Amino acid sequence: VVASFGFTFLLLYTGIMFGGFSASKLKAQLKMAVSRIQIASNKTVALSKQKMREVAKMLSEEPPKEEKAKIRAEALIRDDNLIEAYEILQLECELIHER
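This write-up is about the structure you can find in this document. Everything numeric in this text was worked out from a predicted model, so none of it was measured.

## Re helix α3 (residues 66-98)
For α3, which comprises 33 residues, the first-to-last C-alpha distance of 48 Å matches the rise-based estimate of 48 Å (1.5 Å per residue) to within 8%. If you check which residues of α3 are buried, you get Ala69, Ala75, Leu76, Asp79, Ile83, Gln90, Cys93 and Ile96.

## Details of the nonpolar core
Core analysis: the biggest nonpolar cluster contains 6 residues, these being Leu26, Leu30, Val34, Ile37, Cys93 and Ile96. Counting residues per element, the ones that place at least two in this core are α2 (23-60) and α3. Per-element tally for this core: the top contributor is α2, with 4 residues.

## Here we look at the pattern of salt bridges
Considering all chains together, one arrives at 4 salt bridges under this definition. For the salt bridge of Arg72 with Glu54, the shortest nitrogen-to-oxygen distance reads 3.0 Å. Remark: Glu54 occurs in helix α2 and Arg72 occurs in helix α3; sequence separation between them is 18 residues. On the accessibility criterion, Arg72 (34% relative accessible area) is partly exposed. Residue Glu67 is joined to Lys70 by a salt bridge in which the shortest nitrogen-to-oxygen separation is 3.9 Å. Pair noted here: Glu67 and Lys70 are both in helix α3, with a separation of 3 residues, about one helical turn. Assessed through its relative accessible area of 49%, Lys70 is described here as partly exposed.

## Re unusual backbone geometry
Here Glu62 and Pro63 are connected by a cis peptide whose omega angle stands at -5 degrees. Structurally, Pro63 is set in the loop between α2 and α3.

Cut-offs used in this document
Residues numbered from 1 in each chain as written. Predicted model: local features only at pLDDT ≥ 70, side-chain atom pairs only at ≥ 80, totals over all residues. Heavy atoms only, no water. Helix = DSSP H or I, 4+ residues; strand = E, 2+ residues; numbered from the N terminus. Expected span 1.5 Å × (residues − 1). Buried < 20%, exposed > 50% of the residue type's maximum accessible area, 1.4 Å probe, protein only. Core = buried A, V, L, I, M, F, W, Y, C linked by side-chain atoms within 4.5 Å. Salt bridge = Lys/Arg side-chain N within 4 Å of Asp/Glu carboxyl O.

Here it is as structure tokens:
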């Protein structure tokens, strides 16, 4: 709730600073933001799946490359967190767009 308030306040403040607030422009920008976030999320998901296969391949080799696999797994965890952040941003933009 606080994050969406802060985001809304920032949008209103920048609108006042740079020529006034326009609800129609904001709705269009939010709609574009949702689609851009979705594209970025899809790209990250696809790369994450590819990295997951690489980790599995490293672990199946003889001898297994465990250290490299651990480093790649940490990157996968960061990617998962990024995907979750994209989803939260997308939901917030959709919520503001509907109001």
